[in-house]
Amino acid sequence: MMEGRVEEIRHNYDAVQEQVADAILKYRNRGDSVKVIVVSKRKSVEVISAAMQAGIDTFGENYPEEAAEKMDQLGPEQPTWHMIGHIQSRKAGIVAARFGMVHSVDTFRIAEKLDHARLAGASPLPILLECNVSGEESKFGLPAQQRNRWPAILELARQVAALPSVVIVGLMTMPPWSEDPEFARPYFAKLRQLRDWIQEEDPRFILPHLSMGTSGDYIAAIKEGATMVRIGTAILGSRIQLNEEK
Ligand SMILES: *Cc1c(COP(=O)(O)O)cnc(C)c1O
């Protein structure tokens, strides 16, 4: 049973990596790389263990407490954990102490909380600013649909840059859902344009990372410059309740 699960995950992961490599070859520059973050929200620690056996080293989680519980259950052999979900300020301590990167910073207040909570002596926490490039109201993220909102993002980035224990390394977005894999492409392009604009306006910013693309649209995201894709169902299968999949 366990072996079967490892094989299935390995098969899915290899297939995604092959698609990623193919897309880089076709649409990007030589030497570009795209990191696959495997999204394990609502997946049990057994599934995560199997995924680690299948060679996966980086996981994305949305809920700090759920993630911390899984980290504790896993024991000393830990993969790298990325926080990709909305962060409530009272959970910032867990996130700052236990995650290697945060994709979902969308207020100065959260950046400040993460900065305060980062343990003394730890390296600065790499963070991404989550931007809402579609204007969709149900989405988190800094308003970025209209260009006249961009200066406010630059201003926030400058404030965050003054914090000693966090460092902005790029931008993240979650476009509106669609069945069409190419639908989100203009939103991905917009995130890249926003990143380029910030770097031009203030060359002190070095923002190599664009976290964009999920199971349904990661090829479109790679076409538009993604350096990290966040993939759940295409690798770990559909999300069912934790206690159903032991
Ligand atoms: C759940 C989630 C994903 C993964 O979505 P899949 O469709 O399962 O690949 C990626 N990013 C965020 C922010 C998510 O919440």
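The numbering scheme is per chain: residues are counted from 1 as the chain's sequence reads. In keeping with the predicted nature of the model, local features appear solely for residues at pLDDT of at least 70, side-chain atom pairs appear and are counted solely at 80 or more, and the whole-chain, interface and lining totals rest on all residues. Side-chain metrics rest on all non-hydrogen atoms present in the structure, leaving aside hydrogens and water.

This part is about the overall build of the protein. Per the convention used, a helix needs a DSSP run of H or I reaching at least four residues, while a strand needs a run of E reaching at least two, with both numbered from the N terminus. Assigned secondary structure in the protein consists of nine helices and nine strands. Radius of gyration here uses only the C-alpha atoms, and the compact-globule reference equals 2.2 Å multiplied by the residue count raised to the power 0.38. Here the C-alpha atoms of the protein give a radius of gyration of 18 Å, agreeing with the 18 Å that 2.2 N^0.38 yields for 246 residues. Projected onto its principal axes, the C-alpha coordinates of the protein cover approximately 55 × 45 × 35 Å. The classification of residues rests on relative accessible area computed with a 1.4 Å probe and restricted to protein chains. Under 20% of the type maximum is buried, over 50% is exposed, and intermediate values are partly exposed. Counting across all 246 residues of the protein, residues that qualify as buried make up 50%. The contact criterion used throughout is that any non-hydrogen atoms of two residues lie within 4.5 Å. In the protein, the proportion of contacts linking residues at least 24 apart, taken out of those at least 6 apart, comes to 60%.

Right, let's get into the packing of aromatic side chains. The rule is short: rings of Phe, Tyr and Trp, with Trp giving its six-membered ring, pair when the centres are within 6.5 Å, and they are stacked under 30 degrees, edge-to-face over 60, tilted in between. Going through the model one piece at a time under the given rule, you end up with three aromatic pairs. Ring centres of phenylalanine 59 and tryptophan 81 lie 5.8 Å apart, and the angle between their planes is 35°; on these two criteria the pair is classed as tilted. Remark: tryptophan 81 occurs in strand 3 (residues 80-83) and phenylalanine 59 occurs in strand 2 (residues 58-61); sequence separation between them is 22 residues. Each member of the pair phenylalanine 59 and tryptophan 81 is classed as buried.

Next up on the list: the pattern of salt bridges. By definition here, a salt bridge exists when the distance from a side-chain nitrogen of Lys or Arg to a carboxyl oxygen of Asp or Glu is within 4 Å. In the structure shown here, the tally under the stated rule is 16 salt bridges. Among the ionic pairs, lysine 223 bridges to glutamate 182, the shortest N-O distance being 2.8 Å. Of this pair, lysine 223 sits in helix 8 (residues 218-223) while glutamate 182 sits in the loop between strand 7 (166-172) and helix 7 (185-201), placing them 41 residues apart in sequence. In the salt-bridge network here, residues are joined through shared partners; they are Glu182, Arg185, Arg192, Lys223 and Glu224.

The next thing to look at is the packing of helix 6 (residues 150-161) against helix 7. Between helix 6 and helix 7, the shortest axis-to-axis distance is 11 Å and the interhelical angle comes to 60°. Here helix 6 lies oblique to helix 7, going by the angle between them. Crossing of helix 6 over helix 7 shows right-handed handedness. Between helix 6 and helix 7, the residues in contact are Trp150, Pro151, Ile153, Leu154 and Arg158 and Lys190, Gln193, Leu194, Trp197, Ile198 and Glu201, respectively. The classification used treats Ala, Val, Leu, Ile, Met, Phe, Trp, Tyr, Cys and Pro as nonpolar, Asp, Glu, Lys and Arg as charged, and all other residues, Gly among them, as polar. Of the residues assigned to the contact of helix 6 with helix 7, the class counts are seven nonpolar, one polar and three charged. A fitted line through C-alpha atoms serves as each axis, taken over the contacting stretch for helices, and the angle formed by two N-to-C directions is quoted from 0 to 180°. Here the angle decides the label: under 35 degrees means roughly parallel, over 145 means roughly antiparallel, 65 to 115 means roughly perpendicular, and every other value means oblique. Should the near helix be turned anticlockwise from the far one by less than a right angle, the crossing is termed left-handed; should it be turned clockwise, right-handed.

A word on the nonpolar core. What makes a nonpolar core is a set of buried Ala, Val, Leu, Ile, Met, Phe, Trp, Tyr and Cys residues whose side-chain atoms join them at distances within 4.5 Å. The biggest cluster of nonpolar side chains holds 69 residues, and the ones touching the most others in it are Leu114 and Ile235. Here this core takes seven residues from helix 1 (residues 2-27), the largest share from any one element. Residues within four places of leucine 114 in sequence aside, it is in contact with Ala92, Val95, Ala96, Val102, Val105, Leu125, Ile127 and Val166. The next biggest cluster of nonpolar side chains, apart from the first, holds six residues, and it includes Ile37, Met101, Met172 and Met228.

The subject of this paragraph is the environment of valine 39. Here valine 39 lies in strand 1 (residues 35-39). Along the backbone, valine 39 and serine 215 are 176 residues apart, and their C-alpha atoms lie at a distance of 9.8 Å. Among residues more than four places away in sequence, those in contact with valine 39 are Gly60, Asn62, Ile84, Arg230, Ile231, Gly232 and Leu236.

We call a residue near a molecule or strand when any one of its heavy atoms sits within 4 Å of it. The local shell around the ligand consists of Val39, Lys41, Asn62, Ile84, Met174, Thr214, Ser215, Arg230, Ile231, Gly232, Thr233 and Arg239. Distance and chemistry together define a polar contact, namely a pair of N or O atoms within 3.5 Å, with one atom able to donate a hydrogen and the other to accept it when in protein, and with adjacent residues in sequence counting only for side-chain atoms on both sides. Separating an oxygen atom of the ligand from a side-chain N or O atom of lysine 41 is a distance of 2.7 Å. Relative to its free-state accessible area of 390 Å², the ligand is covered by the protein chains to the extent of 87%. Partitioning the shell around the ligand into residue classes produces four nonpolar, five polar and three charged. The protein chains shown are the only cover counted for residues, whose accessible areas, like all others here, come from Shrake-Rupley with a 1.4 Å probe.

This next bit is on the side chain of threonine 58. As for its position among the elements, threonine 58 is in strand 2. A distance of 2.9 Å separates the side chain of threonine 58 from the side chain of aspartate 57, its partner in a polar contact. Those residues in contact with threonine 58 that sit more than four places away from it in its chain are Lys35, Val36, Ile37, Val38, Thr80 and His82.

By themselves, these are just geometric observations and shouldn't be taken as functional.
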